[in-house]
2 protein chains.
Amino acid sequence: MARDTTGEANGAGGAGGGGGDDPGVTLRAAQDQFIACWGKMGSAWGISRTMAEVHALLFITGEPMCTDDIMERLQISRGNASMSIRALLDWGVVARAHRRGDRKEYFKAEQDVWAMFRAIVRERMKREADPALVSLHEIRDLTSGVDSSKRKGRRRGGRDGVREGGIADETAARIMAHNQRLDEMLKFFETVQTLTDRFVSPSGRGLQIAASILGKAAS
Amino acid sequence: MARDTTGEANGAGGAGGGGGDDPGVTLRAAQDQFIACWGKMGSAWGISRTMAEVHALLFITGEPMCTDDIMERLQISRGNASMSIRALLDWGVVARAHRRGDRKEYFKAEQDVWAMFRAIVRERMKREADPALVSLHEIRDLTSGVDSSKRKGRRRGGRDGVREGGIADETAARIMAHNQRLDEMLKFFETVQTLTDRFVSPSGRGLQIAASILGKAAS
DNA sequence: TATGGATTTCAATCATTTCTGAAACATAGT
DNA sequence: ACTATGTTTCAGAAATGATTGAAATCCATA
């Protein structure tokens, strides 16, 4: 008796196999687990679970899919699917695709893992680290005027600064320590930013190779 | 008339200054902004906002503080403060401190920015990336048996594999593509992990210097 | 420019995470 | 053992973030 009539729609072209450990079923299970894993990772890293799942689906199947395919496979609403896809397009990890004689839009994931992570790092930097760096600079500027090492000549009345020992002195010392901490932090962020910029740049491929080699070289 | 009796408790030893652009007030404002900024960053990166704020407070003041100081300054509950502190201790970015003749526990933040980030990266890896890598390997193993390139001799009846053209062939091809994608991903993660391990290791200081130089060198 | 399918938007709803506060628990000193 | 002081836990409350679904919008075609 024919055991290979399970008929599950596999990706785009239904290609089922046989019975219990049917390769088609196994593949589907592996895909599902990958999607779940990726979704979990995403939410641990501040990306909405669904968005990560949509990406995982497109990446792991490698097939272009339309909104309805995604809704169906992931059991999510149209609105959610639409928003997730849009976000993935914005991030640049998913691209539009079309099929002859079909008005629907299809979507496919970037397949190069390194390119994918470069895109992710680039976007996260742009959205979170860069604004933070700006704020940090603003905060640093707040206490530039009162730092005795670089104060501007402003001196009201004659008694507002570091003079006449004790209390004011202590505040000045605290401000200097504060500024030092902030400066160290800023230096750190700037180093990271430079490194990152280089990694995500078009020629970032060079760094990728460097990382590969570094990663493999003897411990 | 004495204008320096504002009496705001500045860090540990109250040292207020004068009136409008009082350095003490400015410092406080800068600290508050830093705390807010750090909190925002934290939550964008999957760390609870309060936990990040507690850390920011301890880092930017540089003073050891007790639970009550933190509650007071951040306007949070005792439970929240306690849990956040505990988590920061677990992460290794905050250490206990004591004062002679005081039963209370005080806490102070690691002041070396690089050491701090090494600790953060180490923990996040341990908690999120490593388990993900394990799952990824498990998922990869699901489809090892059915990949014709490395199938184990199991062959039931004589007709379960890539033979008899068409349908089964297509599934086999899909599985091979799937495995390739997973393998690429795994290789990527392993490279990143090796790199990271090296960065966070006791001798990671070397990499820090390398990064500093790389970050500064001409673009 | 009318038509009909595809896509996007958004207020309302739902789920998850975080926070509170008071009670339970620890521990040092008496 | 008892008290005083400090710390942790945890069930429910509050806040935050994600999801839905139906209406509005868009757009290629005739």
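## Looking at the sheet that holds strand E1 (residues 65–66) of chain B
Residues and elements named next belong to chain B.
- With respect to topology, three strands assemble into an open sheet ordered E1-E3-E2, the strand pairing being antiparallel. Taken across any chain shown, the strands that pair with only one partner, and hence form the sheet edges, are E1 and strand E2 (94–99).
- As paired elements, E2 and strand E3 (residues 102–109) share five bridges and run antiparallel to each other. Each bridged residue has a counterpart across the sheet, and for Ala95 the counterpart in E3 is Lys108.

## Here's the deal with the sheet that holds strand E3 (residues 102–109) of chain A
Residues and elements named next belong to chain A.
- On the basis of which strands lie adjacent, the open sheet formed by three strands has the order E1-E3-E2 and antiparallel pairing. Because the sheet does not close on itself, it has two edges, and the strands there are strand E1 (65–66) and strand E2 (94–99).
- The strands touched by helix H4 (residues 78–91) are E2 and E3; relative to E2, the strand with the most contacts, the crossing angle is about 115°.

## Looking at unusual backbone geometry
- The backbone of A:Gln75 sits at a positive phi, close to 55°, despite the residue not being glycine.
- Summarising the element assignment, A:Gln75 is placed in the loop between helix H3 (67–74) and H4.

## Section: the packing of aromatic side chains
- Evaluated as defined, the whole model comprises 19 aromatic pairs over all chains.
- Ring geometry for A:Phe117 versus B:Phe188: centroids 4.2 Å apart, planes at 20°, classification stacked. Linking A:Phe117 in helix H5 (residues 113–142) with B:Phe188 in helix H6 (residues 167–200), this pair reaches from one chain into another. A single burial state applies to A:Phe117 and to B:Phe188, both of which are buried.
- Here a set of aromatic residues connected by ring pairs shows up, and it is made of A:Phe34, A:Trp38, A:Phe59, A:Trp114, A:Phe117, A:Phe199, B:Phe188 and B:Phe189.
- Directly above the aromatic system of B:Trp45 lies the positively charged group of A:Arg124, at a separation of 4.5 Å from the ring centroid.

## Re the interface of chain A and chain B
- Across the boundary between the two partners, chain A contributes 67 residues, which contact 68 residues of chain B.
- Each partner contributes to the roughly 6,200 Å² buried at the junction of chain A and chain B, and carbon and sulfur atoms together form 67% of this total.
- One can count two salt bridges joining chain A with chain B.
- For A:Glu63, the salt bridge is made with B:Arg174, and the minimal N-O distance between the two is 3.4 Å.
- The interface formed by chain A and chain B includes 10 residue pairs in polar contact (both at pLDDT 80 or more).
- Put simply, the parts of the chain that give the side of chain A that touches chain B at least two residues each are helix H1 (23–44), helix H2 (49–61), H5, helix H6 (167–200) and helix H7 (205–216) of chain A.
- Sort the elements by how many residues they give to the side of chain A that touches chain B and H6(A) lands first, with 16 residues.
- Across the side of chain A that touches chain B, the residue classes break down as 33 nonpolar, 20 polar and 14 charged.

## Quick look at the protein's contact with DNA strand D
- If you check the shell around DNA strand D, you find 17 residues, and the closest are A:Thr50, A:Ser77, A:Asn80, B:Arg103 and B:Glu105.
- For DNA strand D, the fraction of atoms within 4 Å of the protein that belong to sugar or phosphate moieties is 59%.
- Within the side chain of A:Asn80, an N or O atom sits 3.1 Å from a phosphate oxygen of DNA strand D.
- One of the side-chain N or O atoms of B:Arg103 is found 2.7 Å from a base oxygen in DNA strand D.
- Elements represented by at least two residues in the surface near DNA strand D include exactly H2 and H4 of chain A together with helix H4 (78–91) and E3 of chain B.
- Tallying contributions element by element places H4(B) first for the surface near DNA strand D, with four residues.
- When the residues that make up the surface near DNA strand D are grouped by side-chain class, the tally is two nonpolar, nine polar and six charged.

## So, the relation of the copies chain A and chain B
- Note on the copies: chain A fits chain B at an RMSD of 0.1 Å, the axial shift is 0.0 Å, and the rotation between them is 180°. A rotation of that kind, with that shift, is consistent with a two-fold axis. By C-alpha distance to the rotation axis, the residue of chain A lying nearest is A:Gly46, at 2.6 Å.
- Of the residues that chain A buries at the interface, 99% are likewise interface residues in chain B, meaning the two copies contact each other through the same surface.

## Digging into the protein's contact with DNA strand C
- If you check the shell around DNA strand C, you find 17 residues, and the closest are A:Arg103, A:Glu105, B:Thr50, B:Ser77 and B:Asn80.
- A share of 55% is what sugar and phosphate atoms reach among the atoms of DNA strand C within 4 Å of the protein.
- In the environment of DNA strand C, a phosphate oxygen lies 3.2 Å from a nitrogen or oxygen atom belonging to the side chain of A:Ser82.
- At 2.9 Å from a phosphate oxygen of DNA strand C is found a main-chain nitrogen or oxygen belonging to B:Ser77.

## Description of H5(A)
Residue and element names in this part refer to chain A.
- The terminal C-alpha atoms of H5 lie 42 Å apart, and with 30 residues this matches the ideal 44 Å at 1.5 Å per residue to within 8%.
- Along H5, the largest kink reaches about 40° and is centred on Met125.
- Where H5 starts, the residue carrying a side-chain oxygen 2.8 Å from the main-chain nitrogen of Trp114 turns out to be Asp112.

## Quick look at the packing of helix H3 (residues 67–74) of chain B against H4(B)
Residues and elements named next belong to chain B.
- Packing of H3 against H4 brings their axes to within 9 Å, and their N-to-C directions diverge by 115°. Pair H3 / H4 crosses with right-handed handedness. Together, Thr67, Asp68, Ile70 and Met71 of H3 and Arg78, Ala81 and Ile85 of H4 make up the contact between the two elements.
- For the contact of H3 with H4, a count of residues per class yields four nonpolar, one polar and two charged.

What counts, and at which threshold
- Counting of residues starts from 1 at the beginning of each chain's written sequence and follows it residue by residue.
- Chain labels run from A onward and ligand labels from 1 onward, assigned in the order the entries are written.
- Local features in a predicted model are, by the rule used here, given only for residues with pLDDT of at least 70; side-chain atom pairs are given and counted only at 80 or more, and totals for whole chains, interfaces and linings are based on all residues.
- Values shown for side chains rest on all heavy atoms present in the structure; no hydrogens or waters enter the calculation.
- Two strands are said to pair when DSSP picks up at least two bridges between them.
- Only DSSP runs of H or I with at least four residues qualify as helices, and only runs of E with at least two residues qualify as strands; both kinds are numbered from the N terminus onward.
- For this analysis, residues touch if any pair of their heavy atoms sits within 4.5 Å.
- Lines fitted to C-alpha atoms define the axes, with helix axes restricted to the stretch in contact, and inter-axis angles between N-to-C directions lie between 0 and 180 degrees.
- Pairing of aromatic rings covers Phe, Tyr and the six-membered ring of Trp, with a centre-to-centre limit of 6.5 Å; geometry is then stacked below 30 degrees between planes, edge-to-face above 60, and tilted otherwise.
- Classification of residues uses two cut-offs on accessible area relative to the type maximum, computed with a 1.4 Å probe and protein chains only: under 20% is buried, over 50% is exposed, and between them is partly exposed.
- Both a distance and an angle decide whether a charge sits over a ring: NZ of Lys or CZ of Arg must be within 6 Å of the ring centre and within 35 degrees of the ring normal.
- For any pair of parts, buried area is found by adding up, for both, the accessible area (1.4 Å probe) each one loses once the two are put together.
- The salt bridge criterion pairs a side-chain nitrogen of Lys or Arg with a carboxyl oxygen of Asp or Glu, the two atoms within 4 Å.
- We call two N or O atoms a polar contact when they sit within 3.5 Å, provided that within protein one can donate a hydrogen and the other can accept it, with sequence-adjacent residues counted only if both atoms are side-chain atoms.
- By the convention adopted, Pro, Cys, Tyr, Trp, Phe, Met, Ile, Leu, Val and Ala count as nonpolar, Lys, Arg, Asp and Glu as charged, and the other residues, Gly among them, as polar.
- By convention in these notes, a residue is near a molecule or strand provided one of its non-hydrogen atoms lies within 4 Å of it.
- Fitting of the copies onto one another was done by least squares over C-alpha atoms, counting residues only where both copies have pLDDT of at least 70.
- Each residue after the first adds 1.5 Å to the expected span of a helix.
- To get the bend at a residue, fit one axis to the 7 residues ending there and another to the 7 starting there, then take the angle between the axes.
- We call a crossing left-handed when the near helix sits turned anticlockwise from the far one by less than a right angle, and right-handed when that turn is clockwise.

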